[in-house]
Amino acid sequence: PAVTSPCKILKCNSEFWAATSGSHHLGTEEAPEFCTALRAYAHCTRRTARTCRGDLAYHSAVHGIDDLMVQHNCSKDGPTSQPRLRTLPPGDSQERSDSPEICHYEKSFHKHSAAPNYTHCGLFGDPHLRTFTDTFQTCKVQGAWPLIDNNYLNVQVTNTPVLPGSTATATSKLTIIFKSFQECVDQKVYQAEMDELPAAFADGSKNGGDKHGANSLKITEKVSGQHIEIQAKYIGTTIVVRQVGRYLTFAVRMPEEVVNAVEDRDSQGLYLCLRGCPLNQQIDFQTIRSAQATEGRARRKGPSVPAPPEAFTYETATAKCREKLPVEDLYFQSCVFDLLTTGDVNFMLAAYYAFEDVKMLHSNKDKLHLYERTRDLSPGNTAPSGTPPTLWVALLCLSQCWLCLL
């Protein structure tokens, strides 16, 4: 059965936005209608409070309601029906194209210094994590985990079991909070869930709000319900979110300066994109892959390896992944791993699109492919499949030269 979140904060947000579109342009005689909608918003959040504990978008909405109540002198007592107010007039800040220089990262932060060093982090599949330092891990991380937590934004993912009772998990929910920044953007929350990939922030807007540099934060829908891109120019950051099959993938390109902008450095241990998954949440990829490759023999001798949920064998999974991922790097190995543990061919597409996002977002084209560290040579003095051919040739030549010297 599909996993759905009982927290209905997205519904509360969208209802409030529908009721108050253009409300910041209302005359004073219409202010009571805004307060009515705001009370209805507060009532909606209270109804879903029990199921939203720990939800970042929920807590952001609750704090935002309190702030708006004070700003508009709204009483907490009164009617809560939701009037439909008029839409934004032409020329609203949603369409504004001019922005202060401070709202363009490269122009404002690096006038007299070298170009920023960009880094990449991605999460996809069952789930596989590529950190900002190009470390590749396969993790368990069931439940809610912070991917990014710095002075400018927070990203949290929720991973749920792919099948009831399965140890395989995948990302079913994603919350991104862009914090209010100077004259550029208001605080904005983006939230996606399985079968719900909005092309707007939780309040229905598509940019940074009413501030002068609002368009330094924008959402663009690339493929309806499947692929969105968020540009945060004021921090030089690009985020790509996809829904592949039933689950979500995440990829980001971010300047190193922004990555490390954390007030409490001791808390970075929970920042998965920077520190990686905790050791007790990591899966030994080589051991699992070895077990998968010998699974057929193990079954014939008496099964010591659990059966996969469907008919993929190591050979058929390898052949399927090679259709989209011809280079046998860790993205390819992740694809094979996921097909064997989930039996869902969409995980092959998740690995493929994750690598496509790396090609688009990674600043160092020499580091696109990642390979396993090899422990031992395979039989017959051949290179392990994860070893890049050029590196193997170089090592072979070096060993031959050393023998000549001896």
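Reading the values: the criteria
Residues numbered from 1 in each chain as written. Predicted model: local features only at pLDDT ≥ 70, side-chain atom pairs only at ≥ 80, totals over all residues. Heavy atoms only, no water. Helix = DSSP H or I, 4+ residues; strand = E, 2+ residues; numbered from the N terminus. Expected span 1.5 Å × (residues − 1). Buried < 20%, exposed > 50% of the residue type's maximum accessible area, 1.4 Å probe, protein only. Polar contact = N/O pair within 3.5 Å; in protein donor to acceptor, adjacent residues only side chain to side chain. 1 Å grid on protein atoms, 1.4 Å probe; cavity = no way out; pocket = protein on both sides within 12 Å on 5 of 7 lines; lining within 4 Å. Points joined across faces, edges and corners; volume = space filled by probe spheres on them. Nonpolar A, V, L, I, M, F, W, Y, C, P; charged D, E, K, R; others polar. Pairing = 2+ DSSP bridges. Axes fitted to C-alpha atoms, helices over the stretch in contact; angles between N-to-C directions. Contact = heavy atoms within 4.5 Å. Core = buried A, V, L, I, M, F, W, Y, C linked by side-chain atoms within 4.5 Å. Phe/Tyr/Trp six-rings, centres within 6.5 Å; stacked < 30°, edge-to-face > 60°. Lys NZ or Arg CZ within 6 Å of the ring centre and 35° of its normal. Disulfide = S-S within 2.5 Å. Parallel < 35°, antiparallel > 145°, perpendicular 65-115°, else oblique. Left-handed = near helix turned anticlockwise from the far one by under 90°.

Student: Kindly report on helix α10 (residues 330-342), identifying the contributing residues and their values.
Tutor: End to end, α10 covers 18 Å across 13 residues, agreeing with the expected 18 Å (1.5 Å per residue, within 8%). With 12 of 13 residues buried, α10 lies mostly within the body of the structure. L330, Y331, F332, Q333, S334, C335, V336, F337, D338, L339, L340 and T342 are the residues of α10 that are buried. N-capping of α10 is provided by D329, with a side-chain oxygen placed 3.2 Å from the backbone N of Y331.

Student: Lay out empty space enclosed by the protein with the relevant residues and their values.
Tutor: With the rule as written, the count across this model stands at 2 cavities of 30 Å³ or more. The computed volume of the largest cavity comes to approximately 70 Å³. Taken together, G125, A170, T171, V244, Y247, L248, T249, D344, N346, F347 and A350 make up the lining of the largest cavity. Going through the elements one at a time, β6 (169-178), β11 (247-255) and α11 (346-361) are the ones with two or more residues in the lining of the largest cavity. Here the residues of the lining of the largest cavity sort into 6 nonpolar, 4 polar and 1 charged. There is about 40 Å³ of room inside the second largest cavity. Every residue lining the second largest cavity is listed: H120, G122, L123, F124, R130, F250, A251, Y331, A354, D357 and V358. Among the secondary structure elements, those contributing two or more residues to the lining of the second largest cavity are β1 (118-124), β11 and α11.

Student: Which residues make up the sheet that holds β6, and what values go with them?
Tutor: Either a parallel or an antiparallel arrangement is found when strands of a sheet pair, and the pairing is made through backbone hydrogen bonds. Spatially, 4 strands are ordered β4-β5-β6-β7 in an open sheet, and the strand pairing comes out antiparallel. The sheet is open, and its two edges are formed by β4 (143-149) and β7 (188-193), each paired on a single side. Along the sheet, successive strands turn relative to each other by an average axial angle of 20 degrees, direction set aside. Bridge count between β4 and strand β5 (residues 153-161): 6 bridges; the pairing is antiparallel. Across the sheet, the residue bridging to G143 is N159, located in β5. Here helix α3 (residues 56-71) sits on the sheet in contact with β5, β6 and β7, set at roughly 25 degrees to β6.

Student: Describe the nonpolar core, with residues and values.
Tutor: Judged by nonpolar contacts, the single largest core of 48 residues is most densely connected at I148 and I176. The element best represented in this core is β11, accounting for 4 residues. Every residue in contact with I148, bar those within four places of it in the chain, is listed here: F132, L153, N154, V155, F250, V252, M254, Y271 and C273.

Student: Provide a residue-level description of the packing of aromatic side chains, including the pertinent values.
Tutor: According to the stated counting rule, one finds 10 aromatic pairs in the structure shown. With a centroid separation of 5.5 Å and 75 degrees between ring planes, the pair formed by F136 and Y331 is classed as edge-to-face. One end of the pair, F136, is in strand β3 (residues 136-139); the other, Y331, is in helix α10, and 195 residues separate them in sequence. Accessibility classification places F136 together with Y331 in one group, the buried group. Through a chain of ring-to-ring contacts, three or more aromatic side chains come together here, namely F124, F136, Y331 and F355. Positioned above the aromatic ring of Y118 is the side chain of R253, whose terminal nitrogen or guanidinium carbon lies 3.7 Å from the ring centre. Across the ring face of Y352, the terminal group of K324 is positioned such that the distance to the ring centre comes to 4.7 Å.

Student: Give a detailed account of the state of the cysteines, specifying residues and quantitative values.
Tutor: Per the stated rule, a full pass over the model turns up 7 disulfides. What pairs with C103 in a disulfide is C184, and their sulfur atoms sit 2.0 Å apart. Because the sign of the S-S torsion sets the handedness, a value of about -100 degrees for the bond joining C103 and C184 places this disulfide among the left-handed ones. Placement of the pair is C103 in the loop between α3 and α4 (105-109) and C184 in the loop between β6 and β7, with a sequence separation of 81 residues.

Student: Mind laying out the packing of α10 against α11, listing which residues take part and the relevant values?
Tutor: At a closest axis distance of 8 Å, the pairing of α10 and α11 adopts a crossing angle of 160 degrees. The angle between α10 and α11 places the two elements in the roughly antiparallel class. α10 and α11 meet at a crossing whose hand is right-handed. Residues Y331, C335, D338, L339 and T342 of α10 form the contact with α11, whose participating residues are F347, M348, A351, A354, F355 and V358. Class assignment of the residues belonging to the contact of α10 with α11 gives a composition of 9 nonpolar, 1 polar and 1 charged.

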